[in-house]
Amino acid sequence: MTKQKAADEVFCRSCGEPIKRASELCPNCGVRNDNYSSAGGGSGDGGHDLTQHETSVSDTWWYGVAAGTGIWVLLVLASATNGNLGAAGGLLVLIGWVGLPLSVYFDSQYVRANSEWEPNVVLWVILTAVWFINIAAGAAYLYRRHQVLGEP
């Protein structure tokens, strides 16, 4: 079962339970919340200030990143085995080429607003739009996203 959190919550860095972003301590394990600031203005360490990145973007755009990466893997495997996908292959190329960078663009907004990672949106969109690099870039993006958010 995947843990869910609200927009005003973060995952505890110790136990992984969702806690209020404004909480000083995790009520489950007592570890200090990295996002807590006694001044109430973000992390307070001069780093990535979460209050500067509000978004209404859904947390489900990572599904598009995963699907787009999977489509490119399928296309590479089909071309390596001389599989002719015909018109369906052309449609998959179009979906992968537009869908993967678009999903990364929207998901990176969610990541910036809900974690300490501030991904370079232009770089990730370009990397996921370039043939062959996009598979590794999509996988790397999802891995990094998992590190900072604990999901997917």
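The model shown is predicted, which means the values in this text are computed figures rather than measured ones.

**Student:** Can you break down the nonpolar core residue by residue, with the values?
**Tutor:** Counting 16 residues, the largest nonpolar core has Val65, Leu100, Val104, Val111, Trp117, Trp124 and Tyr141 as the members making the most contacts within it. Where this core is concerned, the elements lending two or more residues are α1 (62-80), α2 (86-114) and α4 (133-149). Considering every element that reaches this core, the biggest residue donor is α1, with five residues. Ignoring anything within four residues of it in the chain, the contact list for Val111 reads Trp117, Pro119, Tyr141, Arg145, Val148 and Leu149.

**Student:** Tell me about unusual backbone geometry, and please be specific about residues and values.
**Tutor:** It is generally the case that most residues other than glycine have a negative phi and that most peptide bonds are trans. Residue Phe132 is not a glycine yet carries a positive backbone phi of 75°. Along the polypeptide, Phe132 turns up in the loop between α3 (121-129) and α4.

**Student:** Please set out the pattern of salt bridges residue by residue, giving values where relevant.
**Tutor:** Note on pairing: side chains with opposite charge can pair once their charged atoms come close. Tallied over the entire structure, the rule returns two salt bridges. In this structure, Arg145 and Asp107 form a salt bridge, with 2.7 Å as the shortest nitrogen-oxygen distance. Of this pair, Arg145 sits in helix α4 while Asp107 sits in helix α2, placing them 38 residues apart in sequence. Between Glu118 and Arg112 there is a salt bridge; the shortest N-O distance is 2.9 Å. Relative accessible area serves as the criterion here: at 40%, Glu118 is assigned to the partly exposed category.

**Student:** Summarise the packing of α1 against α4; cite the residues concerned and give the values.
**Tutor:** At a minimum axis distance of 9 Å, the contact between α1 and α4 shows a crossing angle of 150°. Comparing their axes, α4 and α1 come out roughly antiparallel. Helix-helix and strand crossings are classified by hand; for α1 and α4 the assignment is left-handed. Side by side, α1 and α4 meet where Trp62, Val65, Ala66, Thr69, Trp72, Val73 and Val76 of the first sit next to Asn134, Ile135, Gly138, Ala139, Tyr141, Leu142 and Arg145 of the second. Considered class by class, the residues forming the contact of α1 with α4 number 10 nonpolar, three polar and one charged.

Analysis parameters
Residues numbered from 1 in each chain as written. Predicted model: local features only at pLDDT ≥ 70, side-chain atom pairs only at ≥ 80, totals over all residues. Heavy atoms only, no water. Core = buried A, V, L, I, M, F, W, Y, C linked by side-chain atoms within 4.5 Å. Buried < 20%, exposed > 50% of the residue type's maximum accessible area, 1.4 Å probe, protein only. Helix = DSSP H or I, 4+ residues; strand = E, 2+ residues; numbered from the N terminus. Contact = heavy atoms within 4.5 Å. Salt bridge = Lys/Arg side-chain N within 4 Å of Asp/Glu carboxyl O. Axes fitted to C-alpha atoms, helices over the stretch in contact; angles between N-to-C directions. Parallel < 35°, antiparallel > 145°, perpendicular 65-115°, else oblique. Left-handed = near helix turned anticlockwise from the far one by under 90°. Nonpolar A, V, L, I, M, F, W, Y, C, P; charged D, E, K, R; others polar.

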